[in-house]
Amino acid sequence: MNIELFAKYGVVPFKQLEREFFDYVIRKSLSKISYDDVAILIKKHPEIADDVFVTSGLLNPIILFDGEALILELFFEESYINRIIPKYLELKNSLSLSDKLSISPKVYRIFLLDFAMNYKDLPKDVLRSLAIVSYQNAETGFENLDFGKIFGDTKGNAEDIVELKREYPNDKVLKIFRGEASKSLTLEETLSWSLSKDQAKFFATRFGEQGKLYSAEVLVDDVLAYLKKPEREVLVLYNNLIDIREEDR
């Protein structure tokens, strides 16, 4: 495994850490877990020795990671440990990559997608499924991956694109909307637009702000992905937008 990839996201195998570095990471969190606590846990449960990782998480810096797409947080409370380790091993050996990603904490999903892309020879449909789950649910880390390229490379006759064309069989051009508040990505940076004007209005005002509402047009063939639920979201490169306008809310 490439330690640089782990370091990029603040996720490092426990067995590769010296005690001093572990103590340094833990001091930056609110956790009182010690190096010896983790070592004793692994001695009691050698079946998870390769799956225990240390993160830069503020509240809970210890996780279980299966080396594919499953992460569960590990809290050092005896009844929780006795319950979560068997559950983790069951999930590790039974779920698909996409299902593993969908139940992993949101904050790790970009890391998991990047990891899968680097270490798995993924079919395009699987990669696209993982990318959709990550894009819809991740909270941070979007700058680490080129989602425009990922969705463009895996588009083909993807199910979401087929569904979009089924819903708009006679339309070559779609009208789309975007609500932008102070913390939103700019039009040039974002891929995210909606087929629903009401949904876009919600994003413009959801933090009590009076943000901006934009409309644009896009060729159906230029849509990178269609994320129907819950926001009727379409992903579009800025250069493929037509007639961008600021709308009245």
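Description of the structure in this document. (Residues numbered from 1 in each chain as written. Predicted model: local features only at pLDDT ≥ 70, side-chain atom pairs only at ≥ 80, totals over all residues. Heavy atoms only, no water.)

1. A word on the environment of Asn 82
In step 1: On the secondary structure map, Asn 82 appears in helix H4 (residues 78-94).
In step 2: Residues Asn 82 and Gly 148 lie 66 residues apart in sequence; the distance between their C-alpha atoms is 42 Å. (Helix = DSSP H or I, 4+ residues; strand = E, 2+ residues; numbered from the N terminus.)

2. Considerations on helix H7 (residues 124-137)
In step 1: Taking 1.5 Å as the rise per residue, H7 with 14 residues should run 20 Å; its terminal C-alpha atoms sit 20 Å apart, in good agreement.
In step 2: Among the residues of H7, Leu 127, Arg 128, Leu 130, Ala 131, Ile 132, Val 133, Ser 134 and Tyr 135 are the ones counted as buried. (Expected span 1.5 Å × (residues − 1). Buried < 20%, exposed > 50% of the residue type's maximum accessible area, 1.4 Å probe, protein only.)

3. Digging into the pattern of salt bridges
In step 1: Counted under the stated rule, the structure contains 14 salt bridges.
In step 2: In this structure, Lys 149 engages Asp 153 in a salt bridge whose closest nitrogen and oxygen atoms are separated by 2.6 Å. Taken together, the positions of Lys 149 and Asp 153, both in helix H8 (residues 147-153) and four residues apart, correspond to about one turn of that helix.
In step 3: By relative accessible area, which is 40% here, Asp 153 ends up partly exposed.
In step 4: Asp 243 is the salt-bridge partner of Arg 245, the closest N and O atoms lying 3.1 Å from each other.
In step 5: One salt-bridge network, in which partners are shared between bridges, spans Asp 66, Glu 68 and Lys 100. (Salt bridge = Lys/Arg side-chain N within 4 Å of Asp/Glu carboxyl O.)

4. Examining the packing of helix H2 (residues 19-27) against helix H3 (residues 35-44)
In step 1: At a closest axis distance of 10 Å, the pairing of H2 and H3 adopts a crossing angle of 115 degrees. In terms of their interaxial angle, H2 and H3 are classed as roughly perpendicular. Residues Arg 19, Phe 22 and Asp 23 of H2 form the contact with H3, whose own contacting residues are Tyr 35, Asp 36 and Val 38.
In step 2: Among the residues forming the contact of H2 with H3, the class breakdown is three nonpolar, no polar and three charged. (Axes fitted to C-alpha atoms, helices over the stretch in contact; angles between N-to-C directions. Parallel < 35°, antiparallel > 145°, perpendicular 65-115°, else oblique. Contact = heavy atoms within 4.5 Å. Nonpolar A, V, L, I, M, F, W, Y, C, P; charged D, E, K, R; others polar.)

5. Digging into a nonpolar patch on the surface
In step 1: On the surface, a nonpolar cluster with roughly 200 Å² of combined accessible area is contributed by Val 173, Leu 219 and Ile 242.
In step 2: Along the chain, Leu 219 turns up in strand S7 (residues 212-219).
In step 3: Of the residues examined, Leu 219 reaches a relative accessible area of 36% and is grouped as partly exposed. (Patch = residues over 30% accessible without salt bridge, like charges linked within 9 Å, V, L, I, M, F, W, Y side chains within 5 Å. Areas by Shrake-Rupley, 256 points an atom, 1.4 Å probe, with all protein chains shown as cover.)

6. Here we look at the packing of aromatic side chains
In step 1: Per the counting criterion, the structure on display carries 13 aromatic pairs.
In step 2: Ring centres of Phe 21 and Tyr 24 lie 6.2 Å apart, and the angle between their planes is 35 degrees; on these two criteria the pair is classed as tilted. Of this pair, Phe 21 and Tyr 24 both sit in helix H2, three residues apart, which is roughly one turn of the helix.
In step 3: Ring centres of Phe 53 and Phe 65 lie 5.2 Å apart, and the angle between their planes is 70 degrees; on these two criteria the pair is classed as edge-to-face. Of this pair, Phe 53 sits in strand S2 (residues 52-55) while Phe 65 sits in strand S3 (residues 62-65), and the two are 12 residues apart along the sequence. Each member of the pair, Phe 53 together with Phe 65, is buried.
In step 4: Aromatic ring contacts, followed pair by pair, group Phe 53, Phe 65, Phe 111 and Phe 115 into a single cluster. (Phe/Tyr/Trp six-rings, centres within 6.5 Å; stacked < 30°, edge-to-face > 60°.)

7. Let's talk about the side chain of His 45
In step 1: Relative to the helices and strands, His 45 resides in the loop between H3 and S2.
In step 2: Using a relative accessible area of 18% as the deciding quantity, one classes His 45 as buried.
In step 3: Leave out the neighbours within four places in its chain, and His 45 touches Ile 81 and Ile 85.

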